[in-house]
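# Structure at a glance
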Amino acid sequence: MPSLPHDDLIRSLILATADDKSRSHIGLVGDTYTILLSGKDTAGRFCLIDMHIPPGGGPPPHRHDFEETFILLDGEIEATFRGAQSTVKAGQTVHVPANAPHQFHNASDKPTRLLCICSPAGQEEFFAQIGVPVATRTTPPPKLDPVTGAELKAKAEALAPEYRTEFLQHT
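Residues numbered from 1 in each chain as written. Predicted model: local features only at pLDDT ≥ 70, side-chain atom pairs only at ≥ 80, totals over all residues. Heavy atoms only, no water.

### Some words on the side chain of H52
The topology assignment puts H52 in strand β3 (residues 47-53). Overall, H52 belongs to the buried group, its relative accessible area being 13%. With sequence-adjacent residues up to four places away left out, H52 is seen in contact with D31, T32, P111, T112, R137 and T138. (Helix = DSSP H or I, 4+ residues; strand = E, 2+ residues; numbered from the N terminus. Buried < 20%, exposed > 50% of the residue type's maximum accessible area, 1.4 Å probe, protein only. Contact = heavy atoms within 4.5 Å.)

Take a look at the structure:
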(Lines give C-alpha, C1' and ligand atoms only; values in the text may rest on other atoms or scores of the structure.)
Protein backbone atom coordinates (compact mmCIF):
# COMPACT_ATOMS: atom_id res chain seq x y z
CA MET A 1 0.00 0.00 0.00
CA PRO A 2 1.47 3.39 -0.99
CA SER A 3 2.23 5.76 1.83
CA LEU A 4 0.51 9.12 2.19
CA PRO A 5 2.43 12.22 1.14
CA HIS A 6 3.92 14.33 3.89
CA ASP A 7 1.83 17.08 5.46
CA ASP A 8 2.11 20.27 3.39
CA LEU A 9 3.08 22.73 6.11
CA ILE A 10 2.61 25.67 3.74
CA ARG A 11 -1.14 25.06 3.82
CA SER A 12 -2.93 26.20 6.96
CA LEU A 13 -6.26 25.77 8.71
CA ILE A 14 -8.94 28.14 7.43
CA LEU A 15 -11.89 29.27 9.51
CA ALA A 16 -14.37 30.89 7.13
CA THR A 17 -17.48 32.80 8.19
CA ALA A 18 -19.99 33.92 5.56
CA ASP A 19 -20.89 37.06 7.54
CA ASP A 20 -17.24 38.20 7.55
CA LYS A 21 -17.26 41.47 5.58
CA SER A 22 -13.71 40.82 4.36
CA ARG A 23 -14.89 37.72 2.44
CA SER A 24 -15.57 38.06 -1.26
CA HIS A 25 -19.33 38.71 -1.65
CA ILE A 26 -20.43 38.65 -5.29
CA GLY A 27 -23.76 39.84 -6.67
CA LEU A 28 -24.84 37.89 -9.73
CA VAL A 29 -28.19 37.23 -11.47
CA GLY A 30 -29.96 38.85 -8.49
CA ASP A 31 -28.31 36.44 -6.02
CA THR A 32 -25.39 36.98 -3.63
CA TYR A 33 -22.55 34.44 -3.50
CA THR A 34 -19.95 34.49 -0.73
CA ILE A 35 -16.72 32.62 -1.42
CA LEU A 36 -15.90 30.65 1.73
CA LEU A 37 -13.11 28.54 0.22
CA SER A 38 -11.48 29.10 -3.16
CA GLY A 39 -9.33 26.81 -5.23
CA LYS A 40 -6.33 28.67 -3.82
CA ASP A 41 -7.38 27.48 -0.35
CA THR A 42 -7.92 23.83 -1.37
CA ALA A 43 -5.06 23.25 -3.84
CA GLY A 44 -7.70 23.36 -6.61
CA ARG A 45 -9.62 20.36 -5.27
CA PHE A 46 -12.91 22.22 -4.68
CA CYS A 47 -14.49 25.56 -3.82
CA LEU A 48 -17.22 26.29 -1.27
CA ILE A 49 -19.73 29.07 -1.87
CA ASP A 50 -22.44 30.35 0.51
CA MET A 51 -25.41 31.34 -1.68
CA HIS A 52 -28.18 33.77 -0.72
CA ILE A 53 -31.03 33.36 -3.22
CA PRO A 54 -33.90 35.86 -2.88
CA PRO A 55 -37.44 35.03 -4.01
CA GLY A 56 -37.39 34.61 -7.78
CA GLY A 57 -33.61 34.14 -7.85
CA GLY A 58 -31.42 31.45 -9.31
CA PRO A 59 -29.24 30.92 -12.39
CA PRO A 60 -30.45 30.14 -15.91
CA PRO A 61 -30.28 26.56 -17.27
CA HIS A 62 -26.68 25.47 -17.71
CA ARG A 63 -24.23 22.59 -17.51
CA HIS A 64 -20.51 22.26 -16.78
CA ASP A 65 -17.85 19.59 -16.68
CA PHE A 66 -17.36 19.58 -12.90
CA GLU A 67 -19.33 18.11 -10.01
CA GLU A 68 -21.63 20.41 -8.04
CA THR A 69 -23.35 19.78 -4.71
CA PHE A 70 -25.93 22.00 -3.01
CA ILE A 71 -26.71 21.73 0.71
CA LEU A 72 -29.86 23.66 1.62
CA LEU A 73 -29.57 25.44 4.96
CA ASP A 74 -32.74 27.59 4.88
CA GLY A 75 -35.77 27.75 2.61
CA GLU A 76 -36.42 25.73 -0.49
CA ILE A 77 -35.63 25.72 -4.20
CA GLU A 78 -37.11 24.22 -7.32
CA ALA A 79 -34.30 22.21 -8.90
CA THR A 80 -34.52 21.08 -12.52
CA PHE A 81 -32.23 18.20 -13.45
CA ARG A 82 -32.27 16.83 -17.01
CA GLY A 83 -35.73 18.36 -17.42
CA ALA A 84 -37.29 16.85 -14.26
CA GLN A 85 -38.28 19.29 -11.52
CA SER A 86 -38.00 18.61 -7.77
CA THR A 87 -38.63 20.69 -4.67
CA VAL A 88 -35.59 20.68 -2.40
CA LYS A 89 -36.01 21.82 1.21
CA ALA A 90 -33.73 22.85 4.07
CA GLY A 91 -31.80 19.88 5.37
CA GLN A 92 -31.59 18.21 1.96
CA THR A 93 -28.59 17.88 -0.34
CA VAL A 94 -28.60 17.79 -4.14
CA HIS A 95 -25.67 16.48 -6.16
CA VAL A 96 -25.39 17.33 -9.86
CA PRO A 97 -23.01 15.13 -11.87
CA ALA A 98 -20.63 16.77 -14.32
CA ASN A 99 -22.13 17.66 -17.73
CA ALA A 100 -25.78 17.23 -16.65
CA PRO A 101 -28.19 20.05 -17.61
CA HIS A 102 -29.64 21.73 -14.53
CA GLN A 103 -30.83 24.91 -12.87
CA PHE A 104 -32.45 25.99 -9.64
CA HIS A 105 -34.96 28.68 -8.80
CA ASN A 106 -36.31 30.11 -5.56
CA ALA A 107 -40.05 29.88 -6.21
CA SER A 108 -40.95 30.76 -2.60
CA ASP A 109 -41.61 34.16 -1.03
CA LYS A 110 -38.64 33.84 1.40
CA PRO A 111 -34.87 33.94 0.80
CA THR A 112 -33.04 30.64 0.48
CA ARG A 113 -29.57 29.91 1.79
CA LEU A 114 -27.46 27.08 0.50
CA LEU A 115 -23.87 25.93 0.36
CA CYS A 116 -22.45 25.02 -3.04
CA ILE A 117 -19.42 22.77 -3.47
CA CYS A 118 -17.81 22.61 -6.91
CA SER A 119 -15.13 20.02 -7.62
CA PRO A 120 -12.65 20.77 -8.95
CA ALA A 121 -12.52 24.47 -8.09
CA GLY A 122 -12.87 27.25 -10.63
CA GLN A 123 -16.52 28.27 -10.52
CA GLU A 124 -15.72 30.88 -7.88
CA GLU A 125 -13.32 32.54 -10.33
CA PHE A 126 -16.03 32.63 -13.01
CA PHE A 127 -18.41 34.30 -10.55
CA ALA A 128 -15.74 36.86 -9.64
CA GLN A 129 -15.19 37.66 -13.33
CA ILE A 130 -18.84 38.31 -14.14
CA GLY A 131 -20.36 39.38 -10.81
CA VAL A 132 -20.37 42.66 -8.93
CA PRO A 133 -18.74 43.00 -5.49
CA VAL A 134 -21.32 43.70 -2.76
CA ALA A 135 -20.94 44.50 0.95
CA THR A 136 -22.33 41.43 2.74
CA ARG A 137 -23.61 37.89 2.13
CA THR A 138 -27.21 39.19 1.88
CA THR A 139 -26.61 42.48 0.05
CA PRO A 140 -28.49 42.28 -3.25
CA PRO A 141 -26.59 43.18 -6.40
CA PRO A 142 -27.51 46.48 -8.01
CA LYS A 143 -30.44 46.42 -10.42
CA LEU A 144 -29.19 46.42 -14.00
CA ASP A 145 -30.68 48.50 -16.77
CA PRO A 146 -31.38 46.58 -20.01
CA VAL A 147 -28.13 47.66 -21.69
CA THR A 148 -25.93 46.73 -18.71
CA GLY A 149 -27.84 43.46 -18.29
CA ALA A 150 -27.24 42.57 -21.94
CA GLU A 151 -23.54 43.43 -21.58
CA LEU A 152 -23.25 41.20 -18.49
CA LYS A 153 -25.00 38.32 -20.28
CA ALA A 154 -22.66 38.69 -23.28
CA LYS A 155 -19.62 38.75 -20.99
CA ALA A 156 -20.81 35.60 -19.16
CA GLU A 157 -21.45 33.79 -22.46
CA ALA A 158 -18.00 34.80 -23.78
CA LEU A 159 -16.19 33.63 -20.62
CA ALA A 160 -18.25 30.45 -20.06
CA PRO A 161 -16.09 28.13 -22.23
CA GLU A 162 -12.96 29.20 -20.34
CA TYR A 163 -14.70 28.04 -17.11
CA ARG A 164 -16.01 24.80 -18.65
CA THR A 165 -19.63 26.02 -18.59
CA GLU A 166 -22.37 26.10 -21.21
CA PHE A 167 -25.60 28.11 -20.92
CA LEU A 168 -28.69 26.36 -22.26
CA GLN A 169 -31.96 27.66 -23.68
CA HIS A 170 -34.93 27.90 -21.33
CA THR A 171 -37.25 24.98 -21.95
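### Overview of the packing of aromatic side chains
Under the definition given, this model contains four aromatic pairs. Taken together, a centroid distance of 5.1 Å and an interplanar angle of 65° make the contact between F70 and F104 edge-to-face. Of this pair, F70 sits in strand β5 (residues 67-74) while F104 sits in strand β9 (residues 102-105); the two residues are 34 residues apart in sequence, bridging distant segments of the chain. Linked through ring pairs, F126, Y163 and F167 together constitute an aromatic cluster. (Phe/Tyr/Trp six-rings, centres within 6.5 Å; stacked < 30°, edge-to-face > 60°.)

### Description of unusual backbone geometry
A cis amide bond, omega 0°, links S119 with the succeeding residue P120. When you line up the elements, P120 lands in the loop between β10 (112-119) and α1 (123-130). At V29, a residue that is not glycine, the phi angle is positive and equals roughly 45°. Residue V29 is classed as partly exposed on the basis of its relative accessible area, which comes to 42%.

### As for the sheet that holds β5
With antiparallel pairing, seven strands are arranged side by side in an open sheet as β8-β5-β10-β3-β2-β1-β11. One side of each edge strand has no neighbouring strand; the edge strands of this open sheet are β8 (93-96) and β11 (132-133). Taken together, the four bridges between β5 and β8 define a ladder with antiparallel strand orientation. Looking at the pairing, E68 lines up with V96 of β8. (Pairing = 2+ DSSP bridges.)

### Considering α1
Residues separated by three or four positions in an α-helix point in the same direction, a consequence of the helix having 3.6 residues per turn. Those residues of α1 that sit buried are Q123, E124, F126, F127 and I130. End-on, the buried residues of α1 take up no more than an arc of 155°, which puts them together on one face. (Arc of directions from axis to C-beta.)

### As for the packing of α1 against helix α2 (residues 146-159)
Axis separation between α1 and α2 bottoms out at 10 Å; the angle between their running directions is 150°. Put simply, α1 runs roughly antiparallel to α2. Crossing handedness for the pair α1 and α2: right-handed. On α2, the residues touching F126, Q129 and I130 of α1 are L152, K155, A156 and L159. Split by residue class, the contact of α1 with α2 holds five nonpolar, one polar and one charged. (Axes fitted to C-alpha atoms, helices over the stretch in contact; angles between N-to-C directions. Parallel < 35°, antiparallel > 145°, perpendicular 65-115°, else oblique. Left-handed = near helix turned anticlockwise from the far one by under 90°. Nonpolar A, V, L, I, M, F, W, Y, C, P; charged D, E, K, R; others polar.)

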